[in-house]
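# Per-entry structural report
Letter by letter, the chains look like this.
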Amino acid sequence: MQDLQNPLGVGGFELFPWFLNSRVWRRMHGLDGGETGVDNQMAERGFEGIGAWILGRNMFGPVRGPWPDESWKGWWGEEPPYHTPVFVLTHHPRPPLRMAGGTEFRFVTEGIHAALEQARAAAGPADVRIGGGVATIRQYLEGRLIDDLHFAVRPIFLGAGEQLWSELDVPGLGYQVTEVVPGERATHVMVSRLD
Ligand SMILES: NC(=O)c1ccc[n+]([C@@H]2O[C@H](COP(=O)([O-])OP(=O)(O)OC[C@H]3O[C@@H](n4cnc5c(N)ncnc54)[C@H](OP(=O)(O)O)[C@@H]3O)[C@@H](O)[C@H]2O)c1
């Protein structure tokens, strides 16, 4: 369950030590140091050559329903770590929100295809990264619109949560596991669309 104190759901940060200890995460937050092993390399790969992001509205924040005002600006402070346009899927319109460091949140109410079209136009030759959450990834998976996915698997149980794979015929959609990389704090499973 997500709320203001638990942006990743209760216990959700236990999924992330592999990333939160990495050099790439610390640099993103203006900090020195950090681990430089396999987990860091896998995190770095995910940020290379990204020209635009797509997020679901629940990954952007805990506010549900019509926006009561413009005060919620994401979890990430005045300078979010995206540094690109970020297209936020929602049914509730809102003007674009320009942040420090090149991030601009643009709210898209016309659905996943419109968001992808806008993100591709903004990214040019660079890649578009879909950041989550689950409802957003599922729609793009069902549409076979994702080329590559990176899962960082941690051996913990959290709760019922959101169901990423439930009732999805992943191989039927053309996806296979293409790489498994054991890291220091997580196992990295790469999944790609092969047809
Ligand atoms: N990946 C991460 O690092 C990360 C970060 C933060 C949180 N999370 C986790 O992700 C969870 C959120 O997952 P989720 O599956 O609830 O959320 P999500 O995919 O982020 O957001 C779902 C919401 O986005 C809007 N939306 C999605 N598809 C749409 C479409 N086609 N057209 C218009 N609007 C659309 C809808 O909001 P409206 O209809 O209300 O506008 C929908 O309720 C959180 O609870 C948290 O645990 C993950």
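Here, the structure is the one placed above.
Not measured: the values here are computed from a predicted model. Residue numbering note: each chain is counted from 1, following its sequence as written. Totals for whole chains, interfaces and linings use every residue, but because this is a predicted model, local features are given only for residues with pLDDT of at least 70 and side-chain atom pairs only at 80 or more, for both listing and counting. As a rule here, side-chain values come from all non-hydrogen atoms in the structure, and water together with hydrogens is ignored.

### Some thoughts on unusual backbone geometry
A cis geometry characterises the amide bond from Gly 132 onward to Gly 133, with omega recorded as -5°. A run of DSSP states H or I qualifies as a helix once it reaches four residues; a run of E qualifies as a strand once it reaches two. Both are numbered from the N-terminal end. Within the secondary structure, Gly 133 is located in the loop between β5 (127-132) and α6 (134-142). Here the phi dihedral of His 83 falls at roughly 60°; this positive angle occurs in a residue that is not glycine. Relative to the elements of secondary structure, His 83 occurs in the loop between α4 (57-60) and β2 (85-89). Burial classes: relative accessible area under 20% of the type maximum marks a residue as buried, over 50% as exposed, and values in between as partly exposed (1.4 Å probe, protein chains only). Residue classification places His 83 among the partly exposed positions, given a relative accessible area of 41%. A positive phi angle, near 65°, is found at Glu 167, a position not held by glycine. Its place among the elements puts Glu 167 in the loop between β6 (148-153) and β7 (175-182).

### Re the sheet that holds β7
Spatially, the 3 strands line up as an open sheet ordered β6-β8-β7, and their pairing is antiparallel. In the strand order of this sheet, the two ends are held by β6 and β7, each with one partner. Adjacent strand axes in the sheet meet at a mean angle of 20°, parallel and antiparallel pairs treated alike. Examined bridge by bridge, β7 and strand β8 (residues 187-193) share 7 bridges and lie antiparallel to one another. Its bridge partner being in β8, Val 177 is matched across the sheet by Val 191. The pairing criterion is simple: DSSP has to find at least two bridges between the two strands. Helix axes are fitted only over the stretch in contact, all axes being lines through C-alpha atoms; the angle between N-to-C directions runs from 0 to 180 degrees.

### Re the sheet that holds strand β1 (residues 50-56)
Read across the sheet, 5 strands follow the order β3-β4-β2-β1-β5 without closing on themselves; strand pairing throughout is mixed. The strands lining the two open edges of the sheet, one partner per strand, are β3 (97-98) and β5. Alignment of β1 against β2, held across 4 bridges, turns out to be parallel. Pairing of Ile 54 across the sheet is with Phe 87, part of β2. Along the sheet, helix α5 (residues 112-123) makes contact with β1, β2, β4 (104-108) and β5, crossing β1 at roughly 160°. Contacts between residues were defined by any pair of non-hydrogen atoms, one from each residue, lying within 4.5 Å.

### Things to note about the site of the ligand
Among the 22 residues in the neighbourhood of the ligand, the closest are listed as Thr 90, His 91, Ala 135, Thr 136 and Gln 139. Polar contact criterion, stated in full: a pair of N or O atoms within 3.5 Å, where within protein one must be able to donate a hydrogen and the other to accept it, and residues adjacent in sequence count only if both atoms are side-chain atoms. In this structure, an oxygen atom belonging to the ligand sits 2.8 Å away from a side-chain N or O atom of Arg 57. The separation between an oxygen atom of the ligand and a polar main-chain atom of Met 59 is 2.9 Å. Here the ligand has 930 Å² of accessible area as a free molecule, and 80% of this is covered by the chains. The set of elements that each furnish at least two residues to the shell around the ligand consists of α4, β5 and α6. Note on terminology: near, applied to a residue and a molecule or strand, indicates that one of the residue's heavy atoms is within 4 Å of it. Note on areas: these come from Shrake-Rupley sampling with a 1.4 Å probe, and a residue is covered only by the protein chains present in the view.

### Considerations on the pairing of β1
Summarising burial for β1: 7 of the 7 residues are buried, a large majority. Alignment of β1 against β5, held across 5 bridges, turns out to be parallel. Among the inter-strand pairings, Ile 54 is bridged to a residue of β5, identified as Ile 130.

### With respect to helix α3 (residues 38-47)
Because an α-helix packs 3.6 residues into every turn, residues spaced three or four apart end up facing the same way. Listed as buried for α3 are Asp 39, Asn 40, Met 42 and Ala 43. One side of α3 holds all its buried residues, which, seen down the axis, span an arc of 165°. Turning to α3, the residues buried within the fold contact α1 (17-20), α2 (23-28), β6, β7 and β8. Within two residues after α3, Gly 49 carries a phi angle of roughly 65°, on the positive side. This arc is taken over the directions from the axis of the helix to the C-beta atoms.

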